[in-house]
Amino acid sequence: MPVGELHARPMRINFGPSHPATHGTVRIVLDLDGEKILNADVQVGYLHRGFEKECESGHYYQNIPYTDRLNYSSAMLNNVGYCLAVEKLFGIKTPPRCEFIRVIAGEIARITDHMLCVGAMGLELAAMTPFLYLLEGRELALDLLDALCGARITTNYIRVGGVWADLPEGFAPFCRERLDRIAGLVDDAHRMLTDNPIFRQRLEGTGYLPAEELIAYGVTGPLLRAGGVALDLRRVQPYLVYGELDFDVPVGEHSDNYDRYLVRLEEIRQSRRMVLQCLERIPDGPVNADDPRIRWPRKGKVFNRMEELIDQFKLVTEGDLAPAGEVYAAVEGANGEVGFYIVSDGSGRPYKCRCRAPSFSNMQPLARMITGRMLADIVPTFDLINMIGGECDR
Amino acid sequence: MPVGVIKVARPAPTLAQRRPWLALLVGLWVATRHFFQSAFLFARGRQNFTVHFPEQRFLQPPAMRGMPVLVRMSNGKERCVACGLCEWACPTSCITIFPAETADGVERYPEVFDIDMSRCMFCGLCEEACPEEAIVMSRQVEIACYSRRGSLWHKEDLLVPRDQLQTRLDYLHRHYDA
Ligand code: SF4
Ligand code: SF4
């Protein structure tokens, strides 16, 4: 049946799964009337690798590298979320130095994630130069993670009951120098983008959805905060040392793409503030909980003493024997609430490990945001949702 | 400490909004500044950022985790005693060990020690599990190969003399012996 002003049949096209703008793989089936979207069908699941099932076959410590592959642009935050959930199951508390290190690592990861999101969004709106600056800043931040744990993306740094290694020597000055350069690059990207009339026209008012609907869809993170809801787990249920830090939660009021962009840019600055405060205040002390049920013994002892050697063998082969029960723990990831729900039957492996991935619920309202709008609005809307395939499809 | 909530300020339509060419000038100014910064550093023989890969390498931090290798002791033998802990700890089960007996003081040695590098994810759990400091993460990451067979590394390929791994071992000792 002919529709619209053009008196033509609607055209059905595929956006993705391998479209350059759908980084991560997602397919959007569109019915178009000219350039207007009549109907959008968002199909996710192209990157499903069975993370939750895989977790059931590994010991608790063996699943940490797999959590890197959920949101691979801020792997550290997933590490933290998973380890906090397992620690809650065991009922252990980590020493203060460890908590500070986790916050530092997590906030650096958040900076990399936001810079990648904003940069790639700019790139797809044909703003090539800010993309280069932001990726340069991201590389500088990844150097910090590299110095911390030896890997840039797949960090595998946080351990149940501690972290893999203490901060390297000279980390604080290195970190400050890098964060200053990053702040300069973010400001340059801000100068080029925020006031640019073409950029503003493409973002202002597009992708709008009222906050009530976002809440109904279970949206969290910068997407929801741009709608004026100050839901940030670091603020409303402070974990680790977030309760002691001085930072602000940026919120928007228009719930459109432009506010989402501004919120993400401001969060980079707030994360930098948090890291600087942590570097200032970080106490000395151990980085691992002193709990032989969970943390592997010090290597110096494993080499020389029989008890620790036996302990090491038991912990590696049997895993950490968790008490039976169920826990849910969540952290504020770069895109929203990253939660892990773990069911334990008392063995060394999780009976079930469910991951509440923010990208999955954040993708739900995409069809509502773009239906009735122009084809060109899909790209900024999709990019600022920042769907990460590994996390959405798990 | 109460955490504040700030509203992100949406800049009012500025002059640049009404005069698009002004926004163009701002962009050009930022880009030109970056250009001259880089050119200045380049003229002094230092790059701002770019690393010209095969000729130049990244500065790798001591923590760098490359592919796992086996430590070869000064007597030419491996340090590994085939206890199998790394095999247990490896999440992807990419290590295969066949132990055998020897008349040496260590009594056991791995007759076969294979790592399937196409499955290894450089996570470092094998190194963390090893009670002998026999398998450590090297700085080697350039392990591309032409066939699937090439991605299966045998004991002879994996053995690396101890003094070549000194950076990593020093790094580990810093944490382990505390
Ligand atoms: S680095 Fe990880 S994946 Fe590779 S062999 Fe060691 S434990 Fe297995
Ligand atoms: S854990 Fe160490 S000693 Fe044991 S088999 Fe592996 S490499 Fe050899």
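Keep in mind the model is a prediction, meaning the values are calculated, not measured.

(A) Layout of the overall build of chain B. Scanning chain B from N- to C-terminus turns up 6 helices and 7 strands. Ordering the α and β elements of chain B from the N terminus gives β-α-α-β-α-β-β-α-β-β-α-β-α. A compact globule built from 178 residues would reach a C-alpha radius of gyration of about 16 Å, whereas chain B, at 26 Å, exceeds it by more than 25%. Seen along its three principal axes, the alpha-carbon backbone of chain B occupies a region of about 85 × 50 × 35 Å. The proportion of buried residues among the 178 residues of chain B is 25%. A separation of at least 24 residues holds for 71% of the contacts in chain B among residues at least 6 apart in sequence.

(B) Up close: the interface of chain A and chain B. Counting residues at the interface gives 52 residues for chain A, matched by 39 residues for chain B. At the level of secondary structure, the elements contributing two or more residues to the side of chain A that touches chain B comprise α2 (64–68), α5 (128–149), α6 (171–193), β6 (248–251), α11 (257–281), α12 (299–304) and α13 (306–318) of chain A. The greatest single-element share of the side of chain A that touches chain B, amounting to 6 residues, is contributed by α5 of chain A. For the side of chain A that touches chain B, the per-class residue count stands at 24 nonpolar, 13 polar and 15 charged.

(C) Summary view of the sheet that holds strand β5 (residues 135–137) of chain B. Residues and elements named next belong to chain B. Reading across from one edge, β5-β2-β7 is the order of the 3 strands in this open sheet, with mixed pairing throughout. Each edge of the open sheet is held by one strand with a lone partner, namely β5 and β7 (159–161). The sheet shows a mean angle of 55° between the axes of neighbouring strands, direction not considered. Pairing of strand β2 (residues 68–72) with β5, which is carried by 3 bridges, proceeds in the antiparallel orientation. Among the inter-strand pairings, Pro-68 is bridged to a residue of β5, identified as Met-137.

(D) Expanded view of the site of ligand 2. Lining the immediate surroundings of ligand 2 are 13 residues, of which Cys-80, Cys-83, Cys-86, Cys-130 and Ile-135 of chain B lie closest. For the shell around ligand 2, the residue count by class is 11 nonpolar, 1 polar and 1 charged.

(E) Up close: the domain arrangement of chain B. For chain B, the assigned domains are domain 1 (14–53) and domain 2 (68–176). Distance from the C-alpha centre of domain 1 of chain B to the C-alpha centre of domain 2 of chain B: 47 Å.

(F) Region of interest: the packing of α6 of chain A against helix α2 (residues 20–43) of chain B. Following both chains from N to C, one finds α6 of chain A and α2 of chain B inclined at 155°, their axes separated by 8 Å at the closest point. Considering their axes alone, α6 of chain A and α2 of chain B lie roughly antiparallel with respect to each other. Relative to α2 of chain B, α6 of chain A is oriented so that their crossing is left-handed. Contact residues: Asp-188, Arg-191 and Met-192 of chain A in α6 of chain A; Val-26, Gly-27 and Val-30 of chain B in α2 of chain B. Looking at the contact of α6 of chain A with α2 of chain B, its residues break down into 3 nonpolar, 1 polar and 2 charged.

(G) Examining the sheet that holds strand β8 (residues 337–344) of chain A more closely. Residue and element names in this part refer to chain A. If you walk across this open sheet you meet the 3 strands as β7-β8-β9, and the pairing is antiparallel. The sheet is open, and its two borders are formed by β7 (325–332) and β9 (350–356), each paired with just one other strand. The average undirected angle you get between the axes of adjacent strands in this sheet is 15°. Relative to β8, β7 is paired through 8 bridges, and the arrangement is antiparallel. Residue pairing across strands places Val-327 opposite Ile-342, the latter belonging to β8.

(H) Representation of the nonpolar core within the structure. Grouped together as the largest cluster of nonpolar side chains are 122 residues, with contacts concentrated most on Val-86, Ile-108, Leu-145 and Leu-148 of chain A. Counting residues per element, this core draws most heavily on helix α4 (residues 96–124) of chain A, which supplies 15 residues. Here Ile-108 of chain A is in contact with Ala-141, Leu-144, Leu-145 and Val-275 of chain A, once residues within four sequence places are set aside. Listed in part, the 30 residues of the second largest apolar core include Cys-80, Phe-113, Cys-126 and Val-136 of chain B.

(I) Broad picture of α11 of chain A. For α11 of chain A, with 25 residues, the first-to-last C-alpha span of 36 Å sits near the 36 Å given by 1.5 Å per residue. With 18 of 25 residues buried, α11 of chain A lies mostly within the body of the structure.

(J) Structural context of unusual backbone geometry. Residues and elements named next belong to chain A. The phi dihedral of Ala-126 falls on the positive side, at around 75°, and the residue is not glycine. Relative to the helices and strands, Ala-126 is located in the loop between α4 and α5. The exposed category is assigned to Ala-126, around which 10 C-beta atoms lie within 10 Å.

(K) Molecular detail of the pairing of β9 of chain A. Residues and elements named next belong to chain A. Examined bridge by bridge, β8 and β9 share 6 bridges and lie antiparallel to one another. Bridge pairing in β9 places Ile-342 opposite Cys-353. Between β8 and the antiparallel strand that follows it, β9, lie 5 residues; Gly-346 among them carries a positive phi value of about 95°.

(L) Seen up close, α2 of chain B. Residue and element names in this part refer to chain B. Across its 24 residues, α2 extends 35 Å between first and last C-alpha, which sits within 8% of the 34 Å expected from 1.5 Å per residue. Counting buried positions over the 24 residues of α2 gives 2, only a small fraction of the element. One or two positions beyond α2, positive phi appears at Gly-45, with a value near 80°.

(M) Just the environment of Cys-149 of chain A, in detail. Assignment of secondary structure puts Cys-149 of chain A in helix α5. Counting along the chain gives 68 residues from Cys-149 of chain A to Gly-81 of chain A, while the straight-line C-alpha distance between them is 17 Å. Ignoring anything within four residues of it in the chain, the contact list for Cys-149 of chain A reads Thr-155, Tyr-157 and Trp-164 of chain A together with Ala-63 of chain B.

(N) Molecular detail of the environment of Cys-392 of chain A. Residues and elements named next belong to chain A. Structurally, Cys-392 is set in helix α17 (residues 389–393). It is 27 Å that separates the C-alpha atoms of Cys-392 and Gly-348, two residues lying 44 residues apart in sequence. When near neighbours in sequence (up to four residues on either side) are disregarded, Cys-392 contacts Gly-24, Val-44, Ala-357, Ser-359, Phe-360, Met-363 and Met-387.

(O) Focus on the confidence of the model for chain B. For chain B, per-residue confidence averages 83 on the pLDDT scale, and residues scoring 70 or more make up 92% of the total. In the model output, the complex is listed with pTM 0.88 alongside ipTM 0.82.

So, how was this worked out
Residues numbered from 1 in each chain as written. Chains lettered and ligands numbered in written order. Predicted model: local features only at pLDDT ≥ 70, side-chain atom pairs only at ≥ 80, totals over all residues. Helix = DSSP H or I, 4+ residues; strand = E, 2+ residues; numbered from the N terminus. Rg over C-alpha atoms; globule rule 2.2 N^0.38 Å. Buried ≥ 20, exposed ≤ 12 C-beta atoms within 10 Å, placed from the backbone. Contact = placed C-beta atoms within 7 Å. Nonpolar A, V, L, I, M, F, W, Y, C, P; charged D, E, K, R; others polar. Pairing = 2+ DSSP bridges. Axes fitted to C-alpha atoms, helices over the stretch in contact; angles between N-to-C directions. Near = placed C-beta within 6 Å. Domains from an automatic or database assignment. Parallel < 35°, antiparallel > 145°, perpendicular 65-115°, else oblique. Left-handed = near helix turned anticlockwise from the far one by under 90°. Core = buried A, V, L, I, M, F, W, Y, C linked by C-beta atoms within 7 Å. Expected span 1.5 Å × (residues − 1). pLDDT = per-residue confidence, 0-100.

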